Amino acid sequence: MKELEFVTPWANKRSSDPLHSLCSYLGSFPPSLANYFIKYFTDEGDLVYDPFSGRGTTLLEARILNRKSVASDLNPIALALSHAKSVKADIKEILRLIDELEENYDYPLFLPEAKAQADEIHLIFHPRTLAELCYLKLVLKEPKTDEEKILVGTILGIMHGGERKDGTSGYLSISMPNTFSMSPEYVRRFVQTNQLNREYRNTFQLLREKIIRTFDKHSFPKNSSLVYRSDAKVVSKTDEFKKLKNKVDLILTSPPYLGIINYARQNWIRSWFLDANPELISNELDDDLNLFEWIKFSKDTVSQFKNLLKPDGVAVFVIGDVAKSKNSVIPLAREFAIMIKENQLFKNVWIFSDYIQGVDKTTRIWGETKGKATATDRIVILSDINPFKDNHRLNGKSDLTYDLIKESTKHFMGDRL
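Residues numbered from 1 in each chain as written. Predicted model: local features only at pLDDT ≥ 70, side-chain atom pairs only at ≥ 80, totals over all residues. Heavy atoms only, no water.

Here's the deal with the overall build of the protein
Reasoning step 1: If you tally the helices and strands in the protein, you get 16 helices and eight strands.
Reasoning step 2: Relative to its full complement of 417 residues, the protein shows a buried share of 57%.
Reasoning step 3: If you take every contact in the protein between residues at least 6 apart in sequence, the share linking residues at least 24 apart comes to 77%.
Reasoning step 4: Accessible area of the protein: about 19300 Å², with a carbon and sulfur share of 47%. (Helix = DSSP H or I, 4+ residues; strand = E, 2+ residues; numbered from the N terminus. Buried < 20%, exposed > 50% of the residue type's maximum accessible area, 1.4 Å probe, protein only. Contact = heavy atoms within 4.5 Å. Areas by Shrake-Rupley, 256 points an atom, 1.4 Å probe, with all protein chains shown as cover.)

So, the environment of Leu382
Reasoning step 1: Along the polypeptide, Leu382 turns up in strand E8 (residues 373-383).
Reasoning step 2: Along the chain, Leu382 and Ala315 lie 67 residues apart, while their C-alpha atoms are 5.1 Å from each other.

Considerations on helix H15 (residues 332-342)
Reasoning step 1: For H15, a buried count of eight out of eleven residues is recorded, marking the element as mostly surrounded by other parts of the structure.
Reasoning step 2: Three or more residues of H15 are buried, namely Leu332, Ala333, Arg334, Phe336, Ala337, Ile338, Met339 and Ile340.
Reasoning step 3: Within two residues after H15, Gln344 carries a phi angle of roughly 50°, on the positive side.

Structural notes on the pattern of salt bridges
Reasoning step 1: Under the counting rule described, the total for this entry stands at 14 salt bridges.
Reasoning step 2: A salt bridge links Lys242 to Asp239; its shortest N-O distance comes to 3.9 Å. With Lys242 and Asp239 both in helix H11 (residues 239-242) and three residues apart, the pair spans about one turn of that helix.
Reasoning step 3: Classification of Asp239 by relative accessible area gives exposed; the value is 61%.
Reasoning step 4: Salt bridges linked by common partners bring Glu93, Arg96 and Glu100 together as one network. (Salt bridge = Lys/Arg side-chain N within 4 Å of Asp/Glu carboxyl O.)

Here we look at the pairing of strand E2 (residues 68-73)
Reasoning step 1: Burial analysis of E2 places five of its six residues in the buried class, the great majority of the element.
Reasoning step 2: Pairing analysis gives four bridges linking strand E1 (residues 47-50) to E2, with the strands arranged parallel. Bridging across to E2, Asp50 finds its partner in Ala71.
Reasoning step 3: You can see the chain leave E1, run along helix H2 (residues 57-64) and come back into E2, and the turn it takes is right-handed.
Reasoning step 4: The pairing of E2 with strand E3 (residues 226-229) spans four bridges and is classified as parallel. When the bridges of E3 are listed, Ser72 appears paired with Tyr228. (Pairing = 2+ DSSP bridges. Right-handed = clockwise from strand over helix to strand, strands pointing away.)

With respect to the packing of helix H14 (residues 291-308) against H15
Reasoning step 1: Interaxial distance between H14 and H15 falls to 10 Å at its minimum, and their mutual angle equals 50°. Our classification of the angle between H14 and H15 gives oblique. Every pair of crossing elements has a handedness; the one defined by H14 and H15 is right-handed. On H15, the residues touching Leu291, Trp294, Ile295, Ser298, Lys299 and Val302 of H14 are Leu332, Glu335, Phe336, Met339 and Ile340.
Reasoning step 2: Of the residues contributing to the contact of H14 with H15, the split by class is eight nonpolar, one polar and two charged. (Axes fitted to C-alpha atoms, helices over the stretch in contact; angles between N-to-C directions. Parallel < 35°, antiparallel > 145°, perpendicular 65-115°, else oblique. Left-handed = near helix turned anticlockwise from the far one by under 90°. Nonpolar A, V, L, I, M, F, W, Y, C, P; charged D, E, K, R; others polar.)

Distances and angles like these do not, on their own, reveal function.
Now the structure itself:
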């Protein structure tokens with residue numbers, strides 16, 4: 001049966017907040033989607049939670065919309081980026097910190113440390129740039145101030161990427177085709193094939209430029225957020241989240257699924273800066289499960305999230321289809337929705353199909369993941385109430401109507417719900 005194409009109200013809209021572009025991140029959903037559903041299902045002062053925080057999109061949009069927010073993840077890179085988007089800081093103080101760090105930097109002291117790094121790291125950075133990164137890696141290892149947290153996120157964002165046409169770069173690395181970490185073997189072949197030379201990039205200067213581009217004429221949201229390292233499978237049992245039982249108004253997230261992205265290995269260069277072992281991280285994450293394992297993982301995590309939601313709370317999951325082969329697709333959201341109903345985790349389930357046209361999803365741009373992600377995301381909405389009826393926030397103006405949601409759900413699920 002041919003898919004119906006439902007027009008999404010967040011399509012082709014961009015967030016006005018430049019902090020979203022602090023660092024690229026595989027598999028992230030657009031800020032406009034988060035913005036829409038936060039407005040749709042919550043009021044100012046309500047509490048929004050993202051248990052798979054990634055680069056902190058939900059967290060930041062909640063702050064912008066004057067909601068309280070909390071986020072959690074297990075990936076050190078996700079935690080660093082979420083921390084950077086959870087705090088308030090003054091651009092002058094950030095630039096002052098960069099000046100202070102540069103003034104205290106001693107090149108001869110950190111050159112031996114740079115020389116001691118693995119060969120795959122030497123392929124990517126000029127020795128002088130690498131020495132600067134070794135210094136910053138040491139002094140920012142445990143960031144305490146808001147400015148330090150923002151700097152760590154900024155460094156992760158400029159670590160590697162392509163040169164401009166004039167040969168200059170906003171990144172610290174050799175000219176790489178994208179800002180996601182290709183495998184060390186791929187990098188080695190890429191350097192040899194393209195006969196690339198490592199150019200010295202002044203880390204402190206590129207940090208200043210990125211900070212000014214990101215934060216000039218930018219005001220941080222007035223409220224800050226809480227970010228925790230937590231396993232979603234046991235989150236409601238942790239000390240940090242026990243106090244949030246039945247207090248969350250909206251959960252808005254995108255869980256990992258079926259090996260589409262290995263968040264640790266595909267960020268191994270950034271992991272190096274955080275002194276994190278990609279293999280150990282990968283073993284902790286649940287991003288490479290088969291379908292049976294993923295359904296069980298989903299049941300376990302949704303049960304945990306349900307403990308945190310208010311009785312009239314709403315959970316929104318962004319779950320993409322997965323291409324099993326050229327002509328075969330796993331509609332993962334359908335399996336997810338059936339699991340929810342069979343286990344009676346929520347009384348109501350709706351699914352809205354979001355067709356991504358004219359652009360490539362970040363999960364499709366290279367190598368190992370090519371062909372697994374599709375151009376369709378499903379928005380799965382769960383609640384024990386009907387949050388679409390008598391929604392006082394809509395004022396009759398919403399272009400995502402309850403009838404449209406029902407039509408999309410019926411078309412996608414048939415009689416399965």
